[in-house]
Amino acid sequence: MSIKDNLVSVQKNINEACARTGRDSSSVCLIAVSKTKPVSDLKEAYDAGCRDFGENKVQEIMDKYDKLPSDIRWHMIGHLQTNKVKYIIDKVYMIHSVDSIKLADVISKEAVKHNTTVKILIEVNVADEESKFGTGLSEAGLLYDHACDLPGIEVCGFMTVAPYTVDANTNRQYFVALRRLSVDIIKQKKDNGNGTQLSMGMTGDYEVAIEEGSTMVRVGTGIFGARNYI
Ligand SMILES: *Cc1c(COP(=O)(O)O)cnc(C)c1O
């Protein structure tokens, strides 16, 4: 199947998952995760209507950025080192992987320096996996509150990378937990109405994530096929 065919079929699955739970399909943003893929593949997805692309490496965003149309929204979804924030601060639409106060502080400082505002999500390691980045469930509120008070940052919600699984239903509990956390935290933060985005769900489990309230799904393999690691 072509990239275009894959996009059509993923979008159809998204629409059906929304219909099952009485949601409007426009409430879910499909992010095409293009890491390791050549610019020609991204161009194909772009021509099929895709405008949101996800990358997990600073270098890859920098390499691809100038070679593709400027109306693309670049989503940084991978672990971000503080010393690299300055390279992408004026290129990314949203940083999904904010997992420490130090990183939030640096993003704020660089955004102010570049006279811009960057959308961020707080990454939460809901399943408490040792191999994963993200703040713990119990520390997420503190980080959220801290980031909300920083200039140059718009805190839009939460993100999680659920465990690898062959049965998507086993991840349902983590999506439910992140949505509950988000509701609890935002309730306490009366002056901020922006924290409603939930970036959760990947190729193996995005339909379950949507059933549990995801507003942004990050789909790589399901659109571009298996990754070519060099
Ligand atoms: C690679 C990646 C994805 C996409 O994974 P697929 O299983 O290929 O859909 C989503 N989120 C993050 C953070 C990733 O690194």
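The structure this text deals with has already been given above.
Here is a short report on the structure shown in this document. (Residues numbered from 1 in each chain as written. Predicted model: local features only at pLDDT ≥ 70, side-chain atom pairs only at ≥ 80, totals over all residues. Heavy atoms only, no water.)

### Considering the packing of aromatic side chains
The geometry of an aromatic ring pair is captured by the separation of the ring centres together with the interplanar angle, meaning the angle of the planes.
No. 1: Within the structure shown, the criterion is met by 2 aromatic pairs.
No. 2: Both rings, one in Phe53 and one in Trp74, keep their centres 6.0 Å apart while their planes meet at 40°; by these two values the pair is tilted. Here the residue Phe53 occupies a position in strand β2 (residues 52–55), and Trp74 occupies one in strand β3 (residues 73–76), the gap between them amounting to 21 residues. Per residue, the accessibility class of Phe53 equals that of Trp74, and both read buried. (Phe/Tyr/Trp six-rings, centres within 6.5 Å; stacked < 30°, edge-to-face > 60°. Helix = DSSP H or I, 4+ residues; strand = E, 2+ residues; numbered from the N terminus. Buried < 20%, exposed > 50% of the residue type's maximum accessible area, 1.4 Å probe, protein only.)

### Examining helix α5 (residues 101–113)
No. 1: The end-to-end C-alpha distance of α5, which contains 13 residues, comes to 18 Å, matching closely the 18 Å that a straight helix rising 1.5 Å per residue would cover.
No. 2: Residue Asn115 follows α5 closely and has a positive phi angle near 55°. (Expected span 1.5 Å × (residues − 1).)

### Details of the site of the ligand
No. 1: For the ligand, the full set of nearby residues is Val33, Lys35, Ile77, Val161, Met202, Thr203, Arg218, Val219, Gly220, Thr221 and Arg227.
No. 2: Between the ligand and Lys35 there is a distance of 2.7 Å, counted from an oxygen atom to a side-chain nitrogen or oxygen.
No. 3: Thr203 is positioned such that a nitrogen or oxygen atom in its side chain is 2.4 Å from an oxygen atom of the ligand.
No. 4: Contact with the protein chains hides 88% of the accessible area of the ligand, taken as 390 Å² for the molecule alone. (Near = heavy atom within 4 Å. Polar contact = N/O pair within 3.5 Å; in protein donor to acceptor, adjacent residues only side chain to side chain. Areas by Shrake-Rupley, 256 points an atom, 1.4 Å probe, with all protein chains shown as cover.)

### Section: the side chain of Thr135
No. 1: Inspection of the secondary structure puts Thr135 in the loop between β5 (118–123) and α6 (140–148).
No. 2: Leave out the neighbours within four places in its chain, and Thr135 touches Asp99, Ile122, Glu123, Val124, Asn125, Ala140 and Leu143. (Contact = heavy atoms within 4.5 Å.)

### Description of the pairing of β3
No. 1: The pairing of β2 with β3 spans 4 bridges and is parallel. Counted as the bridge partner of Phe53 is Trp74 from β3.
No. 2: Crossover β2 to β3 through helix α3 (residues 58–65) is right-handed.
No. 3: Strand direction decides the pairing type here: β3 and strand β4 (residues 92–98), joined by 3 bridges, are parallel. The residue of β4 that forms the bridge with Met76 is Ile95. (Pairing = 2+ DSSP bridges. Right-handed = clockwise from strand over helix to strand, strands pointing away.)

### With respect to α6
No. 1: Every buried residue of α6 is listed here: Ala140, Gly141, Leu143, Tyr144, Ala147 and Cys148. Along the long axis of α6, the arc covered by the buried residues comes to 165°, so they all point the same way.
No. 2: In this fold, the buried residues of α6 make contact with β4, α5, β5, β6 (153–159) and α7 (172–188). (Arc of directions from axis to C-beta.)

### A look at the nonpolar core
No. 1: Among the nonpolar cores identified, the biggest contains 64 residues, and Phe53, Ile107, Ile120 and Ile122 are the most heavily contacted of them.
No. 2: Aside from chain neighbours lying at most four places away, what touches Phe53 is Ile31, Ala32, Ser34, Leu42, Ala45, Tyr46, Ile72, Arg73, Trp74, His75 and Phe224.
No. 3: Formed by 6 residues, the second largest nonpolar core is a distinct cluster that contains Ile31, Met94, Met159 and Met216. (Core = buried A, V, L, I, M, F, W, Y, C linked by side-chain atoms within 4.5 Å.)

### As for unusual backbone geometry
No. 1: At Thr36, a residue that is not glycine, the phi angle is positive and equals roughly 70°.
No. 2: With respect to the secondary-structure elements, Thr36 resides in the loop between β1 (29–33) and α2 (39–47).
No. 3: Positive phi, normally seen in glycine, also occurs at Asp128, with a value near 55°.
No. 4: Within the secondary structure, Asp128 sits in the loop between β5 and α6.
No. 5: You can call Asp128 exposed: its relative accessible area is 65%.

### Structural notes on the pattern of salt bridges
No. 1: Counting across every chain of the model gives 14 salt bridges.
No. 2: Across the salt bridge formed by Lys64 and Glu55, the nearest N and O atoms sit 2.7 Å from each other.
No. 3: For Glu211, the salt bridge goes to Arg172, with nearest N and O atoms at 2.9 Å. Residue Glu211 is located in helix α8 (residues 206–211), and its partner Arg172 is located in helix α7; the two are separated by 39 residues in the primary sequence.
No. 4: Through salt bridges with shared partners, a single ionic network connects Arg20, Arg172, Arg179, Glu211 and Glu212. (Salt bridge = Lys/Arg side-chain N within 4 Å of Asp/Glu carboxyl O.)

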